[in-house]
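Inside the fold
The primary structure of each chain is shown beneath.
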Amino acid sequence: MDEQFENVISPRLAPDRRRVTWIVIVGLLLLTIALACMVALKRNQAIASAKNAGMSPLVGTWRNGEQSVLNLRADGTGRHRWNLESSEFGYFEWEVAGGQLRIRLFSKPPSWRLRAMLLFQNYGDQFEIVEKSDSVLLLHDSTSGNEIRLERCSDPELEAQ
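In what follows, the accompanying structure is described. Because the structure is a prediction, the values reported are computed rather than measured.

Looking at where R79 falls in the secondary structure, it is placed in strand β3 (residues 77-81). Although R79 lies buried, it forms no salt bridge, and the closest oppositely charged side chain, D75, sits 6.6 Å away as judged by the N-O distance. Residues in contact with R79, not counting those within four places in the same chain, are V69, L70, N71, R73, F89, G90, Y91, F92, L158 and Q161.

Below, the structure is given as structure tokens:
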């Protein structure tokens, strides 16, 4: 009988139980962090969509003369081409707040990890919306002082990306 009791509380088994306990605790902690990040990203997208819902005239494709093309999407993402002859394009996120168009540029689609890291950071470029209509968008760049005139256009290749 003493041998059975000794096997139950044997010191050999204790480290295994502690290790399993720590693995379970660490696993639950990582799962909680991952779920919190996913919820925060969804919340951020919902806020951006709600902010942009009132600015639906901005959604679409716009050209800055013969220089560049921007595609603003309803979900707060976008694509751009700095040179009309180029087949390369970049990615950005955008929002409208307080009469300003705010843009955060990326060289490629951001991963969920990068979006989580940028969740609480400010947008890089901000432009005051001077005029908006179905065909013209006039922006004022407060950094350079320049006015940027965008005209509605179509770019099937950029819109398909």
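Let's pick the thread back up.
Residue placement: C153 occurs in the loop between β8 (147-152) and α4 (156-160). Through-space distance from the C-alpha of C153 to that of V136 is 9.9 Å; in sequence the pair is 17 residues apart. Setting aside chain neighbours within four positions, we find C153 in contact with T61, W62, R63, V69 and E159.

Considering all chains together, one arrives at 4 salt bridges under this definition. Put simply, D155 and R81 hold a salt bridge, and the shortest N to O gap is 2.8 Å. Within this pair, whereas D155 is found in the loop between β8 and α4, its partner R81 is found in strand β3, the two being separated by 74 residues in sequence. Note that E95 and R102 form a salt bridge whose closest N and O atoms lie 3.3 Å from each other. The exposure class of E95 is buried, given its relative accessible area of 8%. One salt-bridge network, held together by shared partners, links R81, D155 and E157.

What counts as what
- Residues numbered from 1 in each chain as written.
- Predicted model: local features only at pLDDT ≥ 70, side-chain atom pairs only at ≥ 80, totals over all residues.
- Heavy atoms only, no water.
- Helix = DSSP H or I, 4+ residues; strand = E, 2+ residues; numbered from the N terminus.
- Buried < 20%, exposed > 50% of the residue type's maximum accessible area, 1.4 Å probe, protein only.
- Lys, Arg positive; Asp, Glu negative; His and termini not counted.
- Salt bridge = Lys/Arg side-chain N within 4 Å of Asp/Glu carboxyl O.
- Contact = heavy atoms within 4.5 Å.

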